[in-house]
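Coordinate analysis (summary)
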Amino acid sequence: MIVCVAVVGHQNNPLYIQSFTEADDALKLHHIVHCSLDVVDERVNNPKKSGPTLNETFLGLLYPTENYKVYGYLTNTKVKFILVTTDLDVRDADVRNFFRRFHAAYVDAVSNPFHVPGKKITSRTFAERVSTIVKSFGLSSAG
């Protein structure tokens, strides 16, 4: 089950963070997202050590914790997408599909002429679309 998704700007400023658990876990999940940025920077700056090439947008599993697994995705404009899940056996194909759909929703949100680039995404439509994508991820992983 996906417990948190985040969009982080190219200057590591949070553009959108949504947790799908109780309020008690929200701060913990924000901390996990923040810590994952170091791993993303390490993979981008040292591509030989970590495997994927620079033109690969899917960063894969960034790091596992006791209760969560953290996945990352990097756009061409250096915007980072972070996914935190409680599932221990997630297929990479499912995560790639999630990020592809999440990226499409992000592009639609920032293409709005009233959106100011680099500012938080406050679109209700984007939030509803993210919730739909998260719910469908849970269904596709269970099936």
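Each remark here, short or long, concerns the structure printed above.
Everything quoted here is computed from the prediction, not taken from an experiment. (Residues numbered from 1 in each chain as written. Predicted model: local features only at pLDDT ≥ 70, side-chain atom pairs only at ≥ 80, totals over all residues. Heavy atoms only, no water.)

Spatial ordering of the open sheet is given by β2-β1-β5-β4-β3, a layout of 5 strands whose pairing is antiparallel. Edge strands, defined here as strands with exactly one partner in the open sheet, are β2 (14-19) and β3 (58-64). Sheet twist, expressed as the average angle between the axes of neighbouring strands with direction ignored, equals 15°. Where strand β4 (residues 69-74) and strand β5 (residues 80-85) come together, 6 bridges link them in antiparallel fashion. Residue V70 lies in a different strand from β5, and its bridge partner there is V84. Helix α3 (residues 92-110) contacts β1 (2-8), β2, β3, β4 and β5 of the sheet and is inclined by roughly 135° relative to β5. (Pairing = 2+ DSSP bridges. Helix = DSSP H or I, 4+ residues; strand = E, 2+ residues; numbered from the N terminus. Axes fitted to C-alpha atoms, helices over the stretch in contact; angles between N-to-C directions. Contact = heavy atoms within 4.5 Å.)

With that settled, the discussion passes to the nonpolar core. If you look at the biggest cluster of nonpolar residues, it comprises 25 residues, and the most contacted ones within it are V5, V7, F98, F99 and F126. Those elements giving two or more residues to this core turn out to be β1, β2, β4, β5, α3 and α4 (124-142). For this core, the element with the most residues is α3, which contributes 7 residues. Not counting residues within four places of it along the chain, the set of residues in contact with V7 comprises N13, P14, L15, Y16, V79, K80, F81, F102, Y106 and F126. Residues A6, I32, L74 and V84 belong to the second largest nonpolar core, which totals 18 residues. (Core = buried A, V, L, I, M, F, W, Y, C linked by side-chain atoms within 4.5 Å. Buried < 20%, exposed > 50% of the residue type's maximum accessible area, 1.4 Å probe, protein only.)

With that settled, consider the packing of aromatic side chains. Going through the model one piece at a time under the given rule, you end up with 10 aromatic pairs. With a centroid separation of 5.3 Å and an interplanar angle of 20°, the aromatic rings of Y73 and F99 are classed as stacked. In this pair, Y73 is assigned in strand β4 and F99 in helix α3, connecting sequence segments 26 residues apart. With a centroid separation of 5.5 Å and 15° between ring planes, the pair formed by F98 and F102 is classed as stacked. On the criterion of helical spacing, the pair formed by F98 and F102 is a turn pair, its members being 4 residues apart in helix α3. Here F98 and F102 have matching classes, each one buried. (Phe/Tyr/Trp six-rings, centres within 6.5 Å; stacked < 30°, edge-to-face > 60°.)

On to α3. With 19 residues, α3 should reach 27 Å at 1.5 Å per residue; the first-to-last C-alpha distance of 26 Å fits that figure. For α3, the set of buried residues is D94, V95, F98, F99, F102, A105, Y106 and A109. An end-on view of α3 places all buried positions within 130° of arc, on one side of the element. For α3, exposure combined with an orientation more than 90 degrees from the buried face picks out A93 and R100. (Expected span 1.5 Å × (residues − 1). Arc of directions from axis to C-beta.)

Note on placement: K80 falls in strand β5. Although buried, K80 forms no salt bridge, and the nearest oppositely charged side chain, D41, lies 4.8 Å from it. Within the structure, the side chain of K80 is placed 3.2 Å from the backbone oxygen of G9, a separation counted as a polar contact. In this structure the side chain of K80 is engaged in a polar contact, spanning 3.4 Å, whose partner is the backbone oxygen of K78. (Lys, Arg positive; Asp, Glu negative; His and termini not counted. Salt bridge = Lys/Arg side-chain N within 4 Å of Asp/Glu carboxyl O. Polar contact = N/O pair within 3.5 Å; in protein donor to acceptor, adjacent residues only side chain to side chain.)

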